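Chain residues, written in single-letter form:
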Amino acid sequence: MYLVAFIKHKKQLTSIPTHFNKTRIAPTPSGFLHVGNILSFAVTAGLARKHGAKILLRIDDLDRARVNREYLTDIFDTLRFLEIPWDEGPQDADDFESRFSQIHRMQLYNEALDQLVAGDFVFACTCSRKQMSETGSCTCSDKQIPLNTPEASWRLRTDNAATLQVKSYNDKIILTQLPAEMENFVVRKKDGFPAYQLTSVIDDLFYGVDLIVRGEDLWASTLAQIQVATVLEKQTFNDIVFYHHPLLLEADGKKLSKSAGSTSIRYLSQEGKSAEDVFMLISDLCSLPEKANNWQELAASILRKLS
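Residues numbered from 1 in each chain as written. Predicted model: local features only at pLDDT ≥ 70, side-chain atom pairs only at ≥ 80, totals over all residues. Heavy atoms only, no water.

S.K.: Please set out the packing of helix α1 (residues 35-51) against helix α9 (residues 275-285) residue by residue, giving values where relevant.
M.R.: How two helices sit against one another is set out by the angle between their axes and by the gap between those axes. In contact at an axis separation of 10 Å, α1 and α9 are set at 90° when each is read in the N-to-C sense. With respect to each other, α1 and α9 are oriented roughly perpendicular. Along the contact surface, α1 presents Val 35, Ile 38 and Leu 39, while α9 presents Phe 279, Leu 281, Ile 282 and Leu 285. Grouping the amino acids of the contact of α1 with α9 by side-chain chemistry returns 7 nonpolar, no polar and no charged. (Axes fitted to C-alpha atoms, helices over the stretch in contact; angles between N-to-C directions. Helix = DSSP H or I, 4+ residues; strand = E, 2+ residues; numbered from the N terminus. Parallel < 35°, antiparallel > 145°, perpendicular 65-115°, else oblique. Contact = heavy atoms within 4.5 Å. Nonpolar A, V, L, I, M, F, W, Y, C, P; charged D, E, K, R; others polar.)

S.K.: Go over the pattern of salt bridges, please, and point to the residues and values.
M.R.: In this structure the tally under the stated criterion is 17 salt bridges. When the shortest N-O distance is used, the salt bridge between Asp 60 and Arg 58 registers 2.8 Å. Its relative accessible area of 9% is what places Asp 60 among the buried residues. By relative accessible area, which is 2% here, Arg 58 ends up buried. We note a salt bridge from Arg 157 to Asp 120, for which the minimum N-O separation is 3.9 Å. Of this pair, Arg 157 sits in the loop between β5 (153-156) and β6 (164-168) while Asp 120 sits in the loop between α4 (106-118) and β4 (122-125); the two residues are 37 residues apart in sequence, bridging distant segments of the chain. It is possible to trace a salt-bridge network through shared partners that takes in Arg 24, Arg 58, Asp 60, Arg 105, Asp 203 and Asp 204. (Salt bridge = Lys/Arg side-chain N within 4 Å of Asp/Glu carboxyl O. Buried < 20%, exposed > 50% of the residue type's maximum accessible area, 1.4 Å probe, protein only.)

S.K.: Requested: an account of the packing of α4 against helix α6 (residues 196-207), with residues and values cited.
M.R.: Remark: α4 packs on α6, axes separated minimally by 10 Å, with the N-to-C direction vectors making an angle of 120°. Classed by the angle they form, the pair α4 and α6 counts as oblique. Considering only the axes of α4 and α6, their crossing is right-handed. Touching Leu 108, Tyr 109, Ala 112, Leu 113 and Leu 116 of α4 are Leu 198, Thr 199, Ile 202, Asp 203 and Phe 206, all from α6. Classifying every residue of the contact of α4 with α6 gives 8 nonpolar, 1 polar and 1 charged. (Left-handed = near helix turned anticlockwise from the far one by under 90°.)

S.K.: Break down the sheet that holds strand β8 (residues 186-188) for me, citing the residues and quoting the values.
M.R.: Here we have 3 strands laid out as an open sheet, ordered β4-β5-β8, and antiparallel in their pairing. Strands at the two margins of the open sheet, each flanked by one partner only, are β4 and β8. Direction aside, neighbouring strands of the sheet carry axes that sit 45° apart on average. Two strands pair when backbone bridges link them, and β4 and β5 are joined in this way by 4 bridges, in the antiparallel orientation. Pairing of Phe 123 across the sheet is with Arg 155, part of β5. (Pairing = 2+ DSSP bridges.)

S.K.: Explain α1 to me, and be specific about the residues and the numbers.
M.R.: The end-to-end C-alpha distance of α1 is 24 Å, a good match for the 24 Å that 17 residues give at a rise of 1.5 Å each. Counting buried positions over the 17 residues of α1 gives 15, a clear majority of the element. (Expected span 1.5 Å × (residues − 1).)

S.K.: Tell me about the environment of Asp 159, and name the residues and values.
M.R.: Its place among the elements puts Asp 159 in the loop between β5 and β6. Once the C-alpha coordinates of Asp 159 and Ser 141 are considered, the two residues, 18 residues apart in sequence, prove to be 9.9 Å apart.

S.K.: Tell me about helix α2 (residues 69-81), and please be specific about residues and values.
M.R.: Across its 13 residues, α2 extends 18 Å between first and last C-alpha, which sits within 8% of the 18 Å expected from 1.5 Å per residue. Listed in full, the buried residues belonging to α2 are Leu 72, Asp 74, Ile 75, Phe 76, Thr 78 and Leu 79. Sitting at the amino-terminal end of α2 is Asn 68, which places a side-chain oxygen 2.7 Å from the backbone nitrogen of Glu 70. The positive-phi residue at the C-terminal boundary of α2 is Glu 83, with phi of around 60°. (Polar contact = N/O pair within 3.5 Å; in protein donor to acceptor, adjacent residues only side chain to side chain.)

S.K.: Describe the nonpolar core, with residues and values.
M.R.: Among the nonpolar cores identified, the biggest contains 82 residues, and Leu 116, Val 187, Leu 198, Val 228 and Ile 282 are the most heavily contacted of them. Per element, the largest residue contribution to this core is 9 residues, and it comes from α1. Leaving out residues up to four positions away in the same chain, Ile 282 has contacts with Val 35, Ile 38, Leu 39, Leu 248 and Leu 298. Counting 8 residues, the second-largest nonpolar core is a separate cluster that includes Phe 123, Ala 124, Cys 138 and Cys 140. (Core = buried A, V, L, I, M, F, W, Y, C linked by side-chain atoms within 4.5 Å.)

This is the structure:
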């Protein structure tokens, strides 16, 4: 496993704040957390402490078909086992479900969807996964399919998407276009629940997040979220600074999966590994010159390597 290189983008210098109010750790309870997640969490916590930002634990649970109570509990068990801190958010699974689940913010998501409908920014899509895999794109934009069609998703019209501006860490503004893979991306799923690209924007604005740390694999999602925020006229989303870090990969170059048991913290803990062992393992996987014994040392080493 190794750290992948950063994608290149057109950049220009600007002025980025040295202090941030809030960042977030945003896992999904759809599998056991693995060493790749911990790398991201450590970098997030390291940047938060460096810049005086609070850390929000924001759990995304609207993929209802995959949400599992065991995975939800694993999030809290893993964070406490590795002593990774958070300042706001739920303290355990029960607290999350009673007060912090995304289900409690459905009104906010639906209001955003209503705004998109009112502006004619969405269209209904009935394409199957097979059709999408064969054609590579949706063909429903001109079919005028009613939005209330059963089993239809809603896609954002991106035909006239303008140049997007990303405030990146290290005093850079990135000017780029919405990638082809995000053409007419989904904002409401076939099950009627709002999609990730929309809920992530609404949640980050709701909680006052101004620094987002995420893997380089989510670069396209960052652009999609800036696009939907622009359409929704959520100008404050453009003030958020993004830090995209490289990923830990499998030996064959594939992204780590939550289904890969041998990389999960739960598996390592059951095998008798200590928190220090986990951080030393991640240090080895990242080929760091110094072995980290905790999240603070891991974050410091990773940030030095990427600076």
